[in-house]
Amino acid sequence: MVKICCIGAGYVGGPTMAVIALKCPSIEVAVVDISVPRINAWNSDQLPIYEPGLEEVVKQCRGKNLFFSTDVEKHVREANIVFVSVNTPTKTQGLGAGKAADLTYWESAARMIADVSKSDKIVVEKSTVPVKTAEAIEKILMHNSRGINFQILSNPEFLAEGTAINDLFKPDRVLIGGRETPEGMKAIKALKDVYAHWVPEDRILCTNLWSAEVSKLAANAFLAQRISSVNAMSALCEATGADVSQVSHAIGFDSRIGPKFLNASVGFGGSCFQKDILNLVYICECNGLPEVANYWKQVIKVNDYQKTRFVNRVVSSMFNTVSGKKIAILGFAFKKDTGDTRETPAIDVCKGLMGDKARLSIYDPQVPQEHIQRDLQMNKFDWDHPIHLQPTSPSTINQVIVASDAYEATKDSHGVCILTEWDEFKNLDYQKIYNNMQKPAFVFDGRNILDVEKLRKIGFIVYSIGKPLDKWLKDMPAVA
Ligand SMILES: NC(=O)c1ccc[n+]([C@@H]2O[C@H](COP(=O)([O-])OP(=O)(O)OC[C@H]3O[C@@H](n4cnc5c(N)ncnc54)[C@H](O)[C@@H]3O)[C@@H](O)[C@H]2O)c1
Ligand SMILES: O=c1ccn([C@@H]2O[C@H](COP(=O)(O)OP(=O)(O)O[C@H]3O[C@H](CO)[C@@H](O)[C@H](O)[C@H]3O)[C@@H](O)[C@H]2O)c(=O)[nH]1
């Protein structure tokens with residue numbers, strides 16, 4: 001029986017391995033982690049991450065051919081294929097700080113694999129890593145192998161949170177990179193055979209190691225660039241009276257551009273886009289390509305600009321001050337259908353408003369109070385280390401309260417900011433919300449999910465990203 005072990009039971013390791021177990025009943029899959037609470041949660045009814053459809057998949061296989069364990073060494077020793085899906089955060093100190101990927105967790109996993117292995121293994125990079133990481137990992141494994149043969153493959157993951165299960169069931173493609181040697185080709189085939197249980201063969205792409213590593217960074221850079229491009233256009237739309245949704249629709253009809261991923265927003269978030277582009281920028285700089293590095297850096301600059309622009313719109317609309325005013329924040333997760341808040345634009349927007357002394361009342365259907373308080377106090381990039389190594393929040397922020405629903409959050413507020421596109425925010429009773437707010441009552445829609453005309457009829461002053469401006473906002477000083 002083929003045995004798979006995955007090191008790292010996070011947003012990637014957990015769902016990916018659960019789907020492999022479901023689709024390959026003949027394979028035994030163990031997901032291991034150094035975090036005891038995380039593994040306990042995987043073994044309980046309250047999974048550690050919220051992802052539509054995940055619970056059903058886990059329940060079908062857990063205890064049969066899917067196991068979650070903290071006995072890392074035992075499962076690594078027994079496995080034929082070891083996936084590594086640990087954190088690869090942005091470095092905060094030393095060489096490359098603020099850009100380069102921190103491979104501490106990866107390196108310690110590789111050293112442990114070399115230490116405990118007693119039989120040949122295929123080691124699969126599942127984490128997103130800098131190009132040439134496979135070479136470094138190979139060196140660590142070979143120099144510590146005691147005669148055991150390791151083959152390294154790059155098999156980057158392309159799932160998006162909120163749709164992970166569907167993405168894994170029907171991937172656009174699976175990418176496998178390996179050495180172009182007989183042993184490397186054999187390893188590629190072994191991994192291909194796993195995915196071939198449910199992924200059509202023409203969707204399994206095989207390349208050399210470096211192409212696979214670069215493709216992952218390139219895919220995220222291209223996706224994020226699309227959002228920064230449409231967000232840059234949203235600023236131009238506001239200045240000219242164009243409507244960014246109409247512009248996206250019009251350009252998306254061009255089959256070369258395509259309609260997906262063109263929604264203007266308060267900015268992209270998530271654990272991947274910024275981290276991976278910073279990593280790409282660093283790699284370009286290290287390879288003597290400053291022009292290429294600067295090109296990609298601009299994608300992040302526009303994203304930061306978009307978040308600042310949003311905060312400035314809120315403050316300038318409300319008589320240039322939000323000091324002491326209650327602002328309701330609807331949505332804190334970085335996108336709908338996830339409780340994940342890593343790099344969520346809500347953190348920057350909330351910090352910006354708090355900088356102007358606003359009082360915030362935050363509601364998100366999936367993000368608990370402790371989590372919100374912790375995120376608003378955390379230093380940049382600290383969030384991407386394993387949970388047990390993250391700083392704990394010593395205090396609560398007085399300026400922030402966390403509400404249990406949208407009506408409580410908005411009661412007596414001066415303004416409402418929509419920061420996540422949760423479906424439930426589309427269908428709220430906005431007349432009731434308006435009645436319970438201070439006047440004039442403002443709505444700032446950072447996700448373009450609300451019917452602007454309907455809200456204006458109720459009496460709201462409305463700002464919606466990239467849409468023709470309210471008369472009220474036109475008279476306000478230029479922003480950003
Ligand atoms: N989140 C996504 O949607 C996504 C998608 C594609 C790729 N990725 C990449 O996948 C990797 C993992 O991302 P994630 O979101 O799953 O992170 P995560 O923080 O949710 O999970 C990583 C897990 O690895 C564990 N870990 C760290 N070092 C370990 C060690 N030495 N031994 C055992 N366990 C260890 C941590 O405790 C943590 O539970 C990153 O490189 C990320 O860039 C993420
Ligand atoms: O038109 C759009 C699409 C997305 N977003 C925002 O962009 C961010 C990222 O969204 P998405 O890409 O859907 O989620 P992620 O889970 O971050 O997935 C991305 O990052 C993963 C980690 O590398 C990759 O595996 C995925 O392919 C890639 O889509 C979120 O804040 C979204 O709200 C927009 O603002 N406008």
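An unreviewed UniProt entry lists the chain under the name UDP-glucose 6-dehydrogenase, from Citrus sinensis. Note on the chain: under the UniProt heading Sequence similarities (unreviewed entry), the record states "Belongs to the UDP-glucose/GDP-mannose dehydrogenase family." The UniProt entry for the chain carries the following text under Pathway (unreviewed entry): "Nucleotide-sugar biosynthesis; UDP-alpha-D-glucuronate biosynthesis; UDP-alpha-D-glucuronate from UDP-alpha-D-glucose: step 1/1."

Undergrad: Tell me about the site of ligand 1, and name the residues and values.
TA: Around ligand 1, the structure places 26 residues, and the nearest of them are Asp 33, Arg 38, Thr 88, Glu 161 and Lys 275. Contact between ligand 1 and Val 12: an oxygen atom at 2.9 Å from a main-chain N or O atom of the residue. The separation between an oxygen atom of ligand 1 and a polar main-chain atom of Thr 128 is 3.0 Å. When isolated, ligand 1 has an accessible area of 830 Å², and the protein chains bury 95% of it. Looking at the shell around ligand 1 residue by residue, the classes come out as nine nonpolar, ten polar and seven charged.

Undergrad: I'd like a description of unusual backbone geometry, backed by residues and values.
TA: The amide bond that connects Lys 439 to the next residue, Pro 440, takes the cis arrangement and shows omega of -5°. Following the sequence through the fold, Pro 440 ends up in the loop between α16 (430–435) and β13 (442–445). Look at Lys 132: it is not a glycine, yet its phi comes out positive at around 85°. Structurally, Lys 132 can be placed in the loop between β5 (121–125) and α6 (133–143). Notably, Glu 343 is not glycine yet its phi reads approximately 55°, a positive angle. Looking at the element boundaries, Glu 343 is found in the loop between β9 (326–330) and α13 (345–355).

Undergrad: Before we move on, could you go through the pattern of salt bridges and cite the residues and values that matter?
TA: Summed over all chains, the structure comprises 27 salt bridges. Across the pair Asp 423 and Lys 336 runs a salt bridge whose closest N-O atoms are separated by 3.1 Å. With Asp 423 in the loop between β12 (415–418) and α16 and Lys 336 in the loop between β9 and α13, this residue pair connects regions lying 87 residues apart in the sequence. Judged by relative accessible area, which is 36%, Asp 423 ranks as partly exposed. Here the salt bridges share partners, and the residues they tie into one network are Lys 3, Glu 28, Lys 74 and Glu 78.

Undergrad: Tell me about the sheet that holds strand β10 (residues 359–363), and please be specific about residues and values.
TA: Across the sheet, which stays open at both edges, the six strands sit in the order β11-β10-β9-β12-β13-β14 with parallel pairing between neighbours. Edge positions in the sheet fall to β11 (400–402) and β14 (461–464), since each of these pairs with one other strand and no more. Across this sheet, the average inter-strand angle for adjacent strands is 20°, counted without regard to direction. Where β9 lies against β12, four bridges are found, and the strand directions are parallel. Considered in β12, the bridge of Leu 330 is made with Ile 418. Taken strand by strand, α13 contacts β9, β10, β11 and β12, and its axis lies near 160° from that of β10. Along the sheet, helix α14 (residues 369–377) makes contact with β10 and β11, crossing β11 at roughly 155°.

Thresholds applied
Residues numbered from 1 in each chain as written. Chains lettered and ligands numbered in written order. Predicted model: local features only at pLDDT ≥ 70, side-chain atom pairs only at ≥ 80, totals over all residues. Heavy atoms only, no water. UniProt positions renumbered as here; feature names shortened; annotations may be inferred. Near = heavy atom within 4 Å. Polar contact = N/O pair within 3.5 Å; in protein donor to acceptor, adjacent residues only side chain to side chain. Areas by Shrake-Rupley, 256 points an atom, 1.4 Å probe, with all protein chains shown as cover. Nonpolar A, V, L, I, M, F, W, Y, C, P; charged D, E, K, R; others polar. Helix = DSSP H or I, 4+ residues; strand = E, 2+ residues; numbered from the N terminus. Salt bridge = Lys/Arg side-chain N within 4 Å of Asp/Glu carboxyl O. Buried < 20%, exposed > 50% of the residue type's maximum accessible area, 1.4 Å probe, protein only. Pairing = 2+ DSSP bridges. Axes fitted to C-alpha atoms, helices over the stretch in contact; angles between N-to-C directions. Contact = heavy atoms within 4.5 Å.

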